[in-house]
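# Close look at the chain arrangement
Listed here are the chains, written in short residue letters.
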Amino acid sequence: MSELKTIEAQLLQELQERAVSKYAYVLSETEKQELNTEGADFKLMRTVFGAGISVIVFDGTRKGAASGNDCSEEGIKSVVESAAAAAASSPEDAANDIAPDQGGHAFYQGIYEPDFERFFDRLKELQGAIAAEYSKVNVMQMVGDHTKTHSLYANSNGTKAESFRGCYDVTLEFSASDGEKNSGLDYTFLRTASLDKPLIELSDFRRKLSDIEKQIDPEPLQGKFEGTAVITPGCLVDLLSMTLENYAGSGVILDGTSLWLDKVGEKVADERITVGFDPFDETIVCAERITGDGFLAEPANVIENGVLKAHMLSLYAANKTGRPVMKSGSGLVMKAGAQSLEEIIGGIEKGLVVGGFSGGQPGTNGEFSGVAKNSFLIENGRVTKAVTETMINGNLGDMLQHVRGISAERDVQGIFTLPYLAVDGIIISGK
Amino acid sequence: MLNDILQPKTALFEDGLQTVLRGHENRSRRVVILKGNLTVNVRSEGRGISARVGKDGLYGFASIAEYTPEAAEKVLKAAKNNALLLARHAEKRFPMPPAFERGIVPLNCPIVDTEQKKIIEACRALDTYIEKTYPDLTSRTVIYSEDSQDRIIYSSDACCGHVTSPRCYIYVFLNSVTKDGVPVELFKALGGAGSFDDQFADLTKYYPDIEALYKKLKDKAEGVYAEAGYKQVVLGGMMGGMLAHEAVGHTVEADLVLGGSVAGPNLRKRVASDLVNLTDFAHTYNGGLAPLPVFLDDEGIRATDAPLIENGILTGYMNNRETAEHFGVNPAGNARAWTFADEPLIRMRNTCVLPGKNTVEELIASVDDGYYLIDSGNGQADLTGEFMFGVTCGYEIKHGKLGRALLDTTVSGVAFDMLKTVDMVSDTVEWSSSGFCGKKQMIPVGMGGPHMRCMIMIGGR
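Residues numbered from 1 in each chain as written. Chains lettered and ligands numbered in written order. Predicted model: local features only at pLDDT ≥ 70, side-chain atom pairs only at ≥ 80, totals over all residues. Heavy atoms only, no water.

All names here are of chain B. Side chains Gly446 and Gly448 project from strand β25 (residues 446–449) onto one buried face, and the interleaved Met447 and Gly449 project onto a second face that is buried too. Alignment of strand β22 (residues 430–432) against β25, held across 3 bridges, turns out to be antiparallel. In the sheet register, glutamate 430 faces β25, and the bridge partner there is glycine 449. (Buried < 20%, exposed > 50% of the residue type's maximum accessible area, 1.4 Å probe, protein only. Helix = DSSP H or I, 4+ residues; strand = E, 2+ residues; numbered from the N terminus. Pairing = 2+ DSSP bridges.)

So, in structure tokens, the structure goes:
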């Protein structure tokens, strides 16, 4: 893991020989150690040595990019050649650019060298806890890994950032059964830099495992009604990501199809909603410290107290549209609400706790419809039963306007930190 | 294309260990032109070597992002060490699958690289054509996406070979608005297996497809929301393919069967009407190449077809070597990996509901009040067979005739319930091959189906 400087020297020489005066590059070395179970048994151990070279070169205002993982002299030459050829064949476009000089930086995040024996023990402990406390749960697959990444970003404007990151990831895929009765499938995830606590106490593991046992033999919902959807954090991350991309992403601002095109500074959501990206939030693990455009990452709210603060624009989209660039993009965080989840559910006459959403990609109008997965019916302020074959239908933009409540509890999974969001006006339908 | 530097390293395979050594290169080319602006212009290559070593049912895997003889030696050693390390911690041992057919699978086709300039020119030409021909569009996007796999595989006790999987597509997205100003969008993937010149030497052949897409978009701009509920529908061929993949295919992947999927207790039982036949084709369909042919999998198994449903009866699963041994059948070559750094998983290849005897026109004419669902944007399924497809293009059917177009909606159901309602099947099959399936890793898959008349849950206002 010490060859990046050598690769960088060869890369710079290649760029110089080609008289490329404007460029940016990322060099990386990674090492992943991964354990996999099938059912209750450890079956596979993997070691993955990775490498990467990504280069952006400019020919005037023409831009080309190429990447590869062959770090030999020939491989480096090939990547630079490919990027140069791509630039030469692209049209002049003054919006193409890289961030101005951000200075020199070194970042150290997480746990770079793993304690793999301890991680193995924590995974076995997690297996044991699930078997002992959630006896109806079948863990179909558990994947635990530690990845360390040494990377180097630099560009011709002077920015240079070296990063050393390491973290543990755990993914669980599970169902539950009781005799011949089964639940559906569910997943969850954790990223952490610490092995101090038993894994079962982290992420949303306990709630998800408890919920899946209650989802054995769910009942199909009958009929159709308009009600309140209590969206769990694990589901909210998908719906929120779709919403923000659908209304504030570079693509829809560039082509002018966004319904929030001219809404910056205006109210687009309930005033209790503050959501954005904060790679420095204490609950976010090993988030990027430099953006793809070469900016030092900064916390950035997209919506603050219900008001649209910014579009999520790349430098290209920002230059093209004359709007500000977003200098962030990882670590999705929503501000917690004032009510407990129990209080919110207690006030709902009829609705659904939505554990997952399996639906079509909404168009730019924000209309969504799909299956509510891992979900429970709410009747008269109580969660009454698990349901299946239940669809939900609504509009992403309306969803943020029609907020019933935001929970004080938030799930911390290392890559996002989100509360439960209860929204009114959702069409909930069964057979 | 990869040169074979691995063969001499098979001498390092150890007796008593089941070993697969794989050289693997992925290439991708991507160009995006958004409303005339070139927003993405990228080429990438990733290559490396992996080894998987199995002993007592425990597997060690290692990969390295280098393609050298030294890297091959390093991964063989690291994979063996991982298997031994795992054996120290794991409590159980398992039988290894037996040796299987030995042999050499020959190279199926070359991968031809195309200059980025040529790709960009083609995309710009198509973008210009769309802009001039359809000036009332609110936006348009042309995306070129090419990916290829080049693999050299050596197995200690099965087949070896050098196989490739190139494919390339141009996605055309067209945007318009309803009379109320609500945005609507449709897209179509043009292209298929092979390299750029195989698919895009003559762009004019795609003009009729773009014209048809434009007409559907204009219909959609006048469209209505579907009425939510349990409806009689005609699923188009693309929807049939999605059904084959999502609703049934995943539930009959043997690793998911062992994980408790609904297919487990239903083997050799009726799961569909007797009009339904489903096969995961390896490389040949109806006398020609299947959309994404697979000749050899990443465990060294020569690929053969995997029949899944015959006349409505569930007859089999898709397996890797280990699950095939568990179920007492021969593996058919479904263990596939996406990059050199990935271990092979049980994956679909070209999964297709077979054609029936009716014409598409007969199916539509037979529906008094329902929907014709043509295209899907995405789909997902569960272990229980509960599935969901996004519907991006569809029409009402009233008294046997097509009515108003539909705005985006979703259909859902439980596969083995829904398939029992299939009572008419068309005599032609439509294939889609541009998609990826996600299951720890992504993998290119082909999916196909005929038109089918059935009952299904549809979402709507």
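There's more to say after this.
Before going further, it helps to examine the interface of chain B and chain A. In many reports, interface size means the accessible area that the parts give up when they come together. Listed by partner, the interface residues are 70 residues for chain B and 73 residues for chain A. For the pair chain B and chain A, the summed buried area comes to about 5,700 Å², and 53% of that belongs to carbon and sulfur atoms. Two residues, Lys92(B) and Asp41(A), come together in a salt bridge whose shortest N-O distance is 3.4 Å. Where chain B meets chain A, there are 36 residue pairs in polar contact (both at pLDDT 80 or more). Of all elements in the fold, only β2 (37–55), β3 (58–64), α1 (69–89), α2 (116–133), β17 (369–381), β18 (386–398), β20 (409–414) and β26 (452–458) of chain B reach the threshold of two or more residues within the side of chain B that touches chain A. It is β2(B) that contributes the most residues to the side of chain B that touches chain A, 10 residues altogether. Split into classes, the residues belonging to the side of chain B that touches chain A amount to 29 nonpolar, 25 polar and 16 charged. As judged from the 6 bridges shared by strand β2 (residues 41–59) of chain A and β3(B), these two strands associate in the parallel manner. In the strand pairing of β3(B), Phe49(A) is matched with Ile64(B). (Contact = heavy atoms within 4.5 Å. Buried area = accessible area lost by both parts, 1.4 Å probe. Salt bridge = Lys/Arg side-chain N within 4 Å of Asp/Glu carboxyl O. Polar contact = N/O pair within 3.5 Å; in protein donor to acceptor, adjacent residues only side chain to side chain. Nonpolar A, V, L, I, M, F, W, Y, C, P; charged D, E, K, R; others polar.)

With that settled, the discussion passes to the domain arrangement of chain A. Residues and elements named next belong to chain A. Under the domain assignment used here, chain A contains domain 1 (4–214), domain 2 (219–235 + 336–429) and domain 3 (239–332). Domain 1 puts 13 residues into the contact, and the matching count from domain 2 is 12 residues. Among the residues domain 1 hides against domain 2, the three largest losses belong to Phe189, Arg191 and Arg207. Together they make up 43% of the total. Our enumeration of links across domain 1 and domain 2 arrives at 1 salt bridge. In this structure, arginine 207 engages aspartate 411 in a salt bridge whose closest nitrogen and oxygen atoms are separated by 3.3 Å. Seen at the junction of domain 1 and domain 2, the total is 5 residue pairs in polar contact (both at pLDDT 80 or more). Elements represented by at least two residues in the side of domain 1 that touches domain 2 include exactly β8 (186–192) and α4 (205–214). (Domains from an automatic or database assignment.)

A few words on the environment of Val20(B). Residues and elements named next belong to chain B. Relative to the elements of secondary structure, valine 20 occurs in strand β1 (residues 18–34). A residue is classified by how much of its surface remains accessible, and valine 20, at 5% relative accessible area, is buried. Put simply, valine 20 and isoleucine 143 are 123 residues apart on the chain and 36 Å apart in space, counted from C-alpha to C-alpha. Once residues lying within four places of it in the same chain are set aside, the contact partners of valine 20 are Ser50, Ala51, Arg52, Ile153, Tyr154, Ser155, Asp298 and Glu299.

With that settled, consider the packing of helix α3 (residues 116–133) of chain A against α1(B). In contact at an axis separation of 12 Å, α3(A) and α1(B) are set at 50° when each is read in the N-to-C sense. By the angle between their directions, the pair α3(A) and α1(B) is classed as oblique. By crossing handedness, the relation of α3(A) to α1(B) is classed as right-handed. Counting all contacts with α3(A), which are made through Glu117(A), Phe120(A) and Lys124(A), the residues of α1(B) involved are Leu85(B), Leu86(B) and His89(B). (Axes fitted to C-alpha atoms, helices over the stretch in contact; angles between N-to-C directions. Parallel < 35°, antiparallel > 145°, perpendicular 65-115°, else oblique. Left-handed = near helix turned anticlockwise from the far one by under 90°.)

Residues and elements named next belong to chain B. By the assigned domains, chain B splits into domain 1 (7–221) and domain 2 (229–458). Computed over C-alpha atoms, the centres of domain 1 and domain 2 are 21 Å apart. On the domain 2 side, the residues contacting the 49 residues of domain 1 number 39 residues. At the boundary of domain 1 with domain 2, total buried surface from both sides reaches about 3,400 Å², with 55% on carbon and sulfur atoms. By the criterion of area lost to domain 2, the three top residues of domain 1 are Phe100, Arg167 and Lys220, representing 17% of everything that side buries. Our enumeration of links across domain 1 and domain 2 arrives at 6 salt bridges. At the boundary of domain 1 and domain 2, one finds 23 residue pairs in polar contact (both at pLDDT 80 or more). Elements that contribute at least two residues to the side of domain 1 that touches domain 2 include exactly β1, β2, β3, β4 (103–105), β5 (139–155), β6 (159–177), β7 (183–193) and α4 (207–221). The greatest single-element share of the side of domain 1 that touches domain 2, amounting to 7 residues, is contributed by β6.

Residue and element names in this part refer to chain A. Residue position: asparagine 155 is located in strand β5 (residues 137–155). Asparagine 155 gets classed as buried once you look at its relative accessible area, which sits at 6%. For asparagine 155, the side chain forms a polar contact with the side chain of tyrosine 153, separated by 3.1 Å. Not counting the four nearest positions on each side in its chain, asparagine 155 is found in contact with Tyr23, Ala24, Ile98 and Ala99.

So, on to the sheet that holds strand β16 (residues 350–353) of chain B. Residues and elements named next belong to chain B. On the basis of which strands lie adjacent, the open sheet formed by 6 strands has the order β13-β12-β9-β16-β25-β22 and mixed pairing. Either end of the sheet is taken by a strand with one partner, and the two such strands are β13 (313–314) and β22. Relative to β25, β16 runs parallel, the two being bridged by 3 bridges. Looking at β25, one finds that asparagine 350 is bridged to glycine 446. Seen against the sheet, helix α5 (residues 237–249) touches β9 (278–281), β12 (306–310), β16, β22 and β25 and runs at an angle of roughly 120° to β25.

All names here are of chain B. Taking 1.5 Å per residue, 15 residues should reach 21 Å; α4 reaches 21 Å between its end C-alpha atoms and fits that length. Along α4, the positions that sit buried rather than exposed are Ile210, Leu213, Tyr214, Leu217, Lys220 and Ala221. Take α4 and look down its axis: the buried residues cluster within an arc of 120°, on one side only. On its buried side, α4 packs onto α2, β6, β7, β18 and β19 (401–405). (Expected span 1.5 Å × (residues − 1). Arc of directions from axis to C-beta.)

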